[in-house]
Amino acid sequence: MKRFFSFFSKTESVKLAIAPDVLAVLVEKGELHATDFRCLDLGSKQIVWKMFLSLAVAKLCDRQTRHI
């Protein structure tokens, strides 16, 4: 994989668009973390914030049902 990246000049970031459901799956699986990216506009930030909140609630509910 290192060879592949050597063809590109060093850059701070790659700008791309990703569907919210795909982003949610990557985050839920632990393949992408909140510190790995930043939102470029307020609308995107609100979607991501709600997604992380929803995932956190789901994890808390799952933990509670396991302890019962």
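Residues numbered from 1 in each chain as written. Predicted model: local features only at pLDDT ≥ 70, side-chain atom pairs only at ≥ 80, totals over all residues. Heavy atoms only, no water.

Peer 1: Can you break down the overall build of the protein residue by residue, with the values?
Peer 2: In terms of helices and strands, the protein carries three helices and zero strands. Sequence-ordered secondary structure for the protein, helices as α and strands as β, is α-α-α. On the protein, roughly 6,600 Å² of surface is accessible, and the fraction owed to carbon and sulfur atoms is 61%. (Helix = DSSP H or I, 4+ residues; strand = E, 2+ residues; numbered from the N terminus. Areas by Shrake-Rupley, 256 points an atom, 1.4 Å probe, with all protein chains shown as cover.)

Peer 1: With reference to specific residues and values, describe the environment of W49.
Peer 2: Mapped onto the elements of the fold, W49 is located in helix α3 (residues 42–67). Separated by ten residues in the primary sequence, W49 and C39 place their C-alpha atoms 9.9 Å from one another.

Peer 1: Pulling in residues and values, what's your account of the confidence of the model for the protein?
Peer 2: Note: predicted coordinates in regions of low pLDDT should not be interpreted at a detailed level. Scored by pLDDT, the protein has a mean of 86; 84% of the residues are at 70 or more. At the low end of the mean pLDDT range in the protein sits helix α1 (residues 2–6), at 62; at the high end sits helix α2 (residues 20–28), at 93. (pLDDT = per-residue confidence, 0-100.)

Peer 1: Outline a nonpolar patch on the surface, supporting the account with residue identities and numerical values.
Peer 2: There is a patch of nonpolar side chains on the surface, built from V14, L16, I18 and V22 and spanning about 390 Å² of accessible area. The exposure class assigned to L16 is exposed, which follows from its relative accessible area of 64%. (Patch = residues over 30% accessible without salt bridge, like charges linked within 9 Å, V, L, I, M, F, W, Y side chains within 5 Å. Salt bridge = Lys/Arg side-chain N within 4 Å of Asp/Glu carboxyl O. Buried < 20%, exposed > 50% of the residue type's maximum accessible area, 1.4 Å probe, protein only.)

Peer 1: Break down the pattern of salt bridges for me, citing the residues and quoting the values.
Peer 2: Per the stated rule, a full pass over the model turns up one salt bridge. Notably, a salt bridge pairs D62 with R66, separated by 2.6 Å at the nearest N-O pair. Taken together, the residues span about one helical turn, with D62 and R66 both in helix α3 at a distance of four residues. Accessibility expressed as a relative area gives 36% for D62, which makes it partly exposed. Taking relative accessible area as the criterion, R66 reaches 62% and is therefore assigned exposed.

Peer 1: Can you explain α2? Please cite residues and give values.
Peer 2: Listed in full, the buried residues belonging to α2 are L23, A24 and V27. Projection of α2 onto a plane perpendicular to its axis shows the buried side chains occupying an angular sector of 100°, all on one side. Directly beyond the C-terminal end of α2, a positive phi value near 80° is found at G30. (Arc of directions from axis to C-beta.)

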